[in-house]
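Summary of structural features
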Amino acid sequence: MTISEQIVGKSQAIKKVFNAVARVAPTDSTVLITGETGSGKEVMANAIHRLSKRADAPFVAINCSAIPENLLESELFGYKKGAFTGANADKRGLLEEANQGTLFLDEIGDMNLALQAKLLRVLDDGQVRRVGDTETKKVNVRIVAATNKNLRKEIEAGRFREDLFFRLNVVMLNVPPLRDRKEDIPALIRSFLEKYNNESGKDVLRISDEALAVLMNYDYPGNVRELQNTIKHAVVFSDNNMITKSSLPPSIPGQPLLSSGDSVRVETLIKGGKFIKISEIEEKLISETLSLTGNNHTVAARYLGISRSTLWRKMKEYGME
């Protein structure tokens with residue numbers, strides 16, 4: 001299995017992550033993945049597992065922020081019958097479930113200090129003790145952790161153990177936000193179309209230039225997860241096997257670039273208290289897209305959702321020839 005089968009994208013930003021994943025996956029190093037919410041940290045963790053020598057063993061994931069503090073320990077370590085009210089039988093924890101495989105600890109920055117200390121013990125000696133038990137069990141688990149927080153600041157604030165940070169941070173991978181790798185959007189759209197066509201029984205084959213331009217111009221505060229949900233919505237509301245602008249959810253703002261048949265208008269936007277002309281935003285978008293595509297006019301036009309002739313005309317208009 002290759003990295004490209006695990007992670008979608010060809011941008012320089014994501015290629016750096018590909019390279020790091022390819023280097024660290026075959027090892028048993030702990031990995032700390034950083035990045036904004038929705039940027040794809042679990043996808044990277046799964047890729048590390050699938051490309052490792054542990055690929056045939058379990059990949060177990062848990063979101064540390066989604067489970068109440070008083071339950072997280074028993075989820076991770078398991079418990080002995082009678083350890084607390086409701087503990088009617090022995091239960092293995094996720095550390096045991098992931099034995100010989102990989103345990104992905106998402107949002108580890110939300111784990112409390114007491115549990116951090118117990119996790120550190122596991123990393124140091126590979127021993128786990130179920131809640132209410134007097135015996136320890138040996139486990140062989142690779143830990144991959146992720147956070148959207150700045151753990152160094154959390155350490156300064158006394159909310160994260162420095163020794164655990166250093167133990168986790170053998171290799172750090174930073175997943176770039178989608179706004180920094182917009183050239184990956186068309187490939188991600190194709191991937192999500194295939195997924196949601198299969199799920200919904202539809203056969204959406206195309207996306208209009210206008211809809212693609214809207215999606216390319218948006219900054220995605222929710223990152224890849226937001227784009228994924230957007231395409232899921234668009235597939236449901238598509239007509240004639242095509243995603244159009246009207247198929248997109250109302251939460252996606254923005255207007256496409258002017259097409260060759262449109263007349264130039266003098267509308268303005270307010271940003272930071274200043275009036276900005278549409279032409280200024282358009283010029284900047286074209287310039288950045290050309291830079292990202294290595295000045296490849298064909299590719300740039302496709303990403304922008306316009307024809308090559310329209311792109312050439314606009315470059316001439318803005319003195320970008």
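To keep things clear, this report deals only with the structure shown in the data block.

The rules we used
Residues numbered from 1 in each chain as written. Predicted model: local features only at pLDDT ≥ 70, side-chain atom pairs only at ≥ 80, totals over all residues. Heavy atoms only, no water. Pairing = 2+ DSSP bridges. Helix = DSSP H or I, 4+ residues; strand = E, 2+ residues; numbered from the N terminus. Axes fitted to C-alpha atoms, helices over the stretch in contact; angles between N-to-C directions. Salt bridge = Lys/Arg side-chain N within 4 Å of Asp/Glu carboxyl O. Buried < 20%, exposed > 50% of the residue type's maximum accessible area, 1.4 Å probe, protein only. Contact = heavy atoms within 4.5 Å. Polar contact = N/O pair within 3.5 Å; in protein donor to acceptor, adjacent residues only side chain to side chain. Left-handed = near helix turned anticlockwise from the far one by under 90°. Parallel < 35°, antiparallel > 145°, perpendicular 65-115°, else oblique. Nonpolar A, V, L, I, M, F, W, Y, C, P; charged D, E, K, R; others polar.

**Concerning the sheet that holds strand β5 (residues 102-106)**
Taking strand neighbours across the sheet as the criterion, the five strands line up as β2-β5-β8-β1-β9 in an open arrangement whose pairing is parallel. Looking at which strands have only one partner, the edges of the open sheet turn out to be β2 (59-63) and β9 (171-174). Strand-to-strand twist across the sheet, computed as the mean angle between neighbouring axes with direction ignored, equals 20°. The sheet contact formed by strand β1 (residues 31-34) and strand β8 (residues 142-147) spans four bridges and is parallel. Counted as the bridge partner of Thr34 is Thr147 from β8.

**Here we look at the pattern of salt bridges**
A complete count under the given rule lists 15 salt bridges for this structure. The closest approach of N and O atoms between Arg92 and Glu97, which form a salt bridge, is 3.1 Å. Note that Glu199 and Lys195 form a salt bridge whose closest N and O atoms lie 3.2 Å from each other. In this pair, Glu199 and Lys195 both sit in helix α9 (residues 185-200), four residues apart, roughly one turn of the helix. Classification of Glu199 by relative accessible area gives exposed; the value is 52%. Salt bridges sharing partners connect three or more residues here, namely Asp28, Lys53 and Arg54.

**Description of the environment of Arg54**
Within the fold, Arg54 resides in the loop between α3 (41-50) and β2. Classification of Arg54 by relative accessible area gives buried; the value is 7%. In the structure, Arg54 is positioned 29 residues away from Ala25 in sequence and 9.4 Å away in space, judged by C-alpha atoms. The contacts of Arg54, once residues within four sequence positions are left out, are Asp28, His49, Gln100, Gly101, Thr102, Asn140, Val141 and Arg142. Here Gln100 takes part through its backbone oxygen, which lies 3.2 Å from a polar atom of the side chain of Arg54.

**A look at the packing of helix α2 (residues 12-24) against α3**
One way to put it is that α2 packs onto α3 with a least axis distance of 9 Å and a crossing angle of 35°. The way α2 lies across α3 gives a crossing that is right-handed. Residues Ile14, Val17, Val21 and Val24 of α2 touch α3, and the partners they reach there are Met44, Ala47 and Ile48.

**A look at the packing of helix α13 (residues 297-304) against helix α14 (residues 308-317)**
Following both chains from N to C, one finds α13 and α14 inclined at 100°, their axes separated by 9 Å at the closest point. Regarding the angle of α13 to α14, the classification is roughly perpendicular. The residues of α14 that touch α13, namely those facing His297, Thr298, Ala300, Ala301 and Leu304, are Arg308, Leu311 and Met315. Along the lines of polarity and charge, the residues of the contact of α13 with α14 split into five nonpolar, two polar and one charged.

**Looking at unusual backbone geometry**
One non-glycine residue, Asn223, lies in the positive phi region at around 60°. With respect to the helices and strands, Asn223 occurs in helix α11 (residues 223-236). The backbone of Asn240 shows a phi angle near 55°, a positive value even though the residue is not glycine. Structurally, the position occupied by Asn240 is in the loop between α11 and β11 (242-243). We classify Asn240 as exposed; its relative accessible area is 70%.

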